[in-house]
Amino acid sequence: MRLLVLPGDGIGPEITAATLAVLNAAAAAEGVALDIDQQDIGLKSLAEHGTTLPEAVLAAIPEADGVILGPVSHYDYPAGQPNPSAALRTRFALYANVRPCRSREGLTILRKPMDLVIVRENTEGFYADRSMFMGPGEFMPDENSAFSIRKITALACARVARAAFAIAMTRNRRVTAVHKANVLKLSDGLFLREIRKVAADFPEVTLDEVIVDAAAALLVRSPDRFDVIVTTNMFGDILSDEASELSGSLGLGGSINQGDTICVAQAQHGSAPDIQGQGIANPTSLILSAAMLFDWQARRTGDAAIGACGRRIEAAVEAVLADPATRTRDVGGPLGTEAFAAAVIGALAA
């Protein structure tokens, strides 16, 4: 399996190294050969190549079986330098951001169990850096007024809906469309129109529709009512962060950005430059994201060994998190980045 690895900024190189150690151990256990190509993006690439996203990286992505993307500090980039995360999503049509959230005993603050998947549209919406063919999606006609464009298209809505319903078919066959059509009547109205069209192709799946305000509250009060949530870009970003924190920690949530032929594994959290280089970053999110990437590749190719590798990684992570003595410091344990990865590697054999 050919992997393109982009460590990114801040704690990115640390959690990426931990993730690769786990992947190599799991791959060896399942007899999967890994071919890893590591390249720089972000601030390191900017210093060395004058850009945060070199053309060589973009050219390598379609040639890989999957990409592992570390967090990036795009807020600190000079004006005009691309955000690699956003650029990959739009350039390669990675239209579905898939984020599972499952509560864990001893870590969750919820009174009822959570086991859901949020499928977030990934290429447009309220994100101004991916709403325009040319020029910025935000502008200021005068010094006291700022405008931002929200883009919603039927194509993007239909694609993410189909991804969500396909996932629901492997779970409890319930999809909840989260929207704000009571206010955003045209754009979220279009979103709901396309969701309903796709729902007609999946008669086995139950569809309901919930306004985003209510969805945010229900994640706290009744998380067990949800199976698969499908929503637009910003709503999905906010709700998935909320769900991950409620279920245990934002640092524990896996995430992939998937298209039809390309998939990028990416931690849910940011680059955390305040703890960079201290060896205390939690690599769980990126490790689980990589396991999801293996599952995506296995379903796409039918390679049972790669699928087994992903399941082995996930089981090992869950076993390590179940013991407070083998958790990282951010979730109440004593371990640092490398020690946590070592614990996961030790659990792989079981």
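Conventions used here
Residues numbered from 1 in each chain as written. Predicted model: local features only at pLDDT ≥ 70, side-chain atom pairs only at ≥ 80, totals over all residues. Heavy atoms only, no water. Core = buried A, V, L, I, M, F, W, Y, C linked by side-chain atoms within 4.5 Å. Buried < 20%, exposed > 50% of the residue type's maximum accessible area, 1.4 Å probe, protein only. Helix = DSSP H or I, 4+ residues; strand = E, 2+ residues; numbered from the N terminus. Contact = heavy atoms within 4.5 Å. Pairing = 2+ DSSP bridges. Salt bridge = Lys/Arg side-chain N within 4 Å of Asp/Glu carboxyl O.

### A closer look at the nonpolar core
- Judged by nonpolar contacts, the single largest core of 70 residues is most densely connected at Leu3, Leu23, Ile68, Val119, Phe165, Leu293 and Ile313.
- No other element matches helix H9 (residues 284-301), which puts 10 residues into this core.
- Among residues more than four places away in sequence, those in contact with Leu23 are Leu3, Leu34, Ile68, Ala290, Phe294 and Ile313.

### Structural notes on the pairing of strand S7 (residues 145-148)
- As paired strands, strand S6 (residues 138-142) and S7 are joined by 3 bridges and run antiparallel to one another. Among the inter-strand pairings, Glu138 is bridged to a residue of S7, identified as Ser148.
- Adjacent in sequence and paired antiparallel, S6 and S7 are bridged by 2 residues.

### Remarks on unusual backbone geometry
- Phi angles above zero are rare outside glycine, and Ala93 is one such case at about 50°.
- On the secondary structure map, Ala93 appears in the loop between helix H4 (84-91) and strand S4 (96-102).
- With relative accessibility at 28%, the residue Ala93 sits in the partly exposed group.

### Some remarks on the pattern of salt bridges
- In this structure the tally under the stated criterion is 20 salt bridges.
- One salt bridge in this structure joins Arg130 and Asp129, with 2.8 Å as the shortest N-O distance.
- Exposure remark for Asp129: the relative accessible area of 48% places this residue in the partly exposed category.
- Between Asp208 and Arg225 there is a salt bridge, and its shortest N-O distance comes to 3.3 Å. Of this pair, Asp208 sits in strand S9 (residues 206-211) while Arg225 sits in the loop between helix H7 (212-221) and strand S10 (228-231); the two residues are 17 residues apart in sequence, bridging distant segments of the chain.
- Taking the relative accessible area as the measure of exposure, Arg225 reaches 31% and is therefore partly exposed.

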